[in-house]
Amino acid sequence: MTSSGTFDDRRMRLTTADLLAIGALLETTEVEPDERAVYEQLDALERLKGQVSARQAALTQDLTERQRERCEAEKAAGSGRRPVPPERVVGSQVALARRESPHRGRALVTLAEALRDLPETRAALTRGEIPERRAEIVVRGTSELTREGRLTVDATLASDLPDLGDEKLRRRVRRLAIAVDDASEQARIERVRESRRVVGRVLPDGTHQLTAYLAPEQYAAALATLHEAVATARAAGDPRTTGQVMADVLAESLAGSVFDGHVPAKINLTMPVETLLGTDDGPAILEHVGPIPAALARDIANGALRNVRSLVRRLFTQDGVLVAMEQASRRFTGELAEFLALREHGVCRTPWCNAAVKQRDHVRGVADGGATTAHNGQGLCEVCNYVKEAGFRQEVVSDTGEQHTVVTHTPAGLSYESRAPDQPEVPPGWWVRTISWTELPRAG
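Residues numbered from 1 in each chain as written. Predicted model: local features only at pLDDT ≥ 70, side-chain atom pairs only at ≥ 80, totals over all residues. Heavy atoms only, no water.

A. Expanded view of the overall build of the chain. Of regular secondary structure, the chain possesses 15 helices and twelve strands. Within the span of the chain, comprising 444 residues, buried residues form 35% of the whole. Within the chain, contacts between residues separated by at least 24 positions form 58% of all contacts whose residues are at least 6 apart in sequence. With the model as given, the accessible surface of the chain reaches about 26,600 Å², and the carbon-plus-sulfur share is 53%. (Helix = DSSP H or I, 4+ residues; strand = E, 2+ residues; numbered from the N terminus. Buried < 20%, exposed > 50% of the residue type's maximum accessible area, 1.4 Å probe, protein only. Contact = heavy atoms within 4.5 Å. Areas by Shrake-Rupley, 256 points an atom, 1.4 Å probe, with all protein chains shown as cover.)

B. Here's a closer look at the pattern of salt bridges. This structure, assessed with the given rule, holds 27 salt bridges. One salt bridge in this structure joins E40 and R36, with 3.2 Å as the shortest N-O distance. Taken together, the positions of E40 and R36, both in helix α2 (residues 35–77) and four residues apart, correspond to about one turn of that helix. Judged by relative accessible area, which is 46%, E40 ranks as partly exposed. The salt bridge involving R150 is made with D117; its shortest N-O contact spans 2.7 Å. Of this pair, R150 sits in helix α7 (residues 147–157) while D117 sits in the loop between α4 (102–114) and α5 (119–126); the two residues are 33 residues apart in sequence, bridging distant segments of the chain. Judged by its relative accessible area of 14%, D117 is buried. Through salt bridges with shared partners, a single ionic network connects E65, R68, E87, E113 and R116. (Salt bridge = Lys/Arg side-chain N within 4 Å of Asp/Glu carboxyl O.)

C. Up close: the nonpolar core. Of all hydrophobic cores here, the largest spans 23 residues; its most connected members are L125, I130, V138, L157, L161 and L169. Look past the residues within four positions of L169 in its chain and what remains in contact with it is R134, I137, V138, L157, L161 and L164. In terms of nonpolar packing, the next biggest core, distinct from the first, is built from eight residues, V84, V89, L96 and Y386 among them. (Core = buried A, V, L, I, M, F, W, Y, C linked by side-chain atoms within 4.5 Å.)

D. Seen up close, a nonpolar patch on the surface. Residues M12, L14, L19, I22, L26, L45, L48 and V52 make up a contiguous nonpolar surface patch of about 690 Å² in total accessible area. Broken down by secondary-structure element, the contributors of at least two residues to the nonpolar patch are α1 (16–28) and α2. By the element assignment, L14 lies in the segment before α1. (Patch = residues over 30% accessible without salt bridge, like charges linked within 9 Å, V, L, I, M, F, W, Y side chains within 5 Å.)

E. Spotlight on the sheet that holds strand β11 (residues 415–419). Strands sit in the order β9-β10-β11 across an open sheet of three strands; the sheet is antiparallel. Each having just a single partner strand, β9 (393–396) and β11 make up the two edges of the open sheet. Shown here is a sheet whose adjacent strand axes are inclined to one another by a mean of 20 degrees, direction ignored. (Pairing = 2+ DSSP bridges. Axes fitted to C-alpha atoms, helices over the stretch in contact; angles between N-to-C directions.)

F. Molecular detail of helix α6 (residues 132–141). Counting buried residues along α6, seven of its ten residues qualify, which places the element largely inside the surrounding structure. When we look at burial in α6, the residues that qualify are E132, R134, A135, E136, I137, V138 and V139. At its buried positions, α6 is contacted by α2, α4, α5, α7 and α8 (166–180).

Written out as C-alpha cells, the structure reads:
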C-alpha cells in the first residue's frame, strides 16, 4: 500500500487471514465526527461490497473450472459413478461458504459463469459501481440470448449501467434483449408458461406470502379480476384498503373452491399437551407456517375457526423432542417418512437451504451400515440429496432423545453443522402420542 493509502499496480496475493484482518479493521474503525465523511464512508463501503462480489465471482468461476476438469477426468477414467454437474457441486459448497441456500449458491455460479460474456457489467462490478444484485439483473435478462447477443446488450448498457436503479435496469435490459432477439424472448415466455407454479413462505414479520408464477396472460387476467373486486368493494363503501380487499378475495376464492369441492386440507399441528388443555401458553408448530400462538393453535385443534375444514393431526412432544420411529424397510415410508418432514418443519436440513423436504435420506448410507431410523434419517430437498453423491459425507453427532444434529463434511474438507428445528416444549413426564386424524366441522 502506498503512502497515500491506495494500492499500487503490483499484483497481490491476499490470504484468508489477510481478509479476516481487513474485516477486523473495519469493525474497530471509529466513526468520523464529520457527517459528510460518514456518508462518504457509506459510499466507499458500498463500492467495496461490489468489488468483493466481483472477487467472489472470479473465485467461483475458478472453482467451477476446476470441478469441470475433475469431472472430465473421472469420466475419462470410467469411474462408474453417476456424474453430478459441476455447477451443482460447486454451487452447494459456495452456498455453505457464503451462508446461503443451495439454490442461491447455484445462482451465484451462474452469475460467475455469465460474467465472462458480459465484460462491461463485470468491469462495473469490479470498480464497485454496481452491487451484485444489479449484475444479476443483467445476467438474468440476457440468459436467453446468444453470446453475441449478450455482448451487444452489455456494450449498449455500459455507459448507463451505474446510474440505473433495479427496476429501470430490468426494463432496459428486457427492451434491449427483445430488440436483439425477439424469438428468444418469445421462447422464454413459453418456458415461463410451462413452469407456472405457486410458492408459499413465512415472512420475518409473521405474515405469510403466497407467490404465483404465471404466464403473462394469466397474470393480467388475475390482476384485472382483483382490481375489479376492489372497485366493487369501494362502490359498496367497504372500509378495507386495496391490499386487504385483494388479499381477502384471493384467499376466499381459493378456499371456496377447495371447500365446495370437498377436498379437505391436511394440517399437522405439533403442540404441548398443556397448550391444548389451556393450562400453558407455549407456542405450537403448524406445518407450512411455523410457530403459532397457543390461542390460535387451540382454535385450529378444536375447530373454532370459521371456514376451517381440515384434517388435523395433533402431535405432542416430550422435552421438546418428537418421539423416534423405526422400521425394517430400507426406505423411509409411511409415518416414519412423515415424521422426518415434521421434525424438519418441512424445510431441507442442509444449512441455509430454504427448499421444501422432497426426499428422506439416510445420513449414513445403507451401504455403509446406516439404519432406516429417525435417528439416521433426515429430510432433504431433491438437489441436496442428489449432490451428496459428489463426495459429501455426513454423520449424526447427537444421541437419541437429543436435538437431532448432523455434521456435513464437504469434498473441499470443510464442515458444517445442522440442527433440527426446535419443537414446542412440554414439562418432563409427558409422553409423546399421536391423535388419529379428525375432520373438523365447518363452522357457519
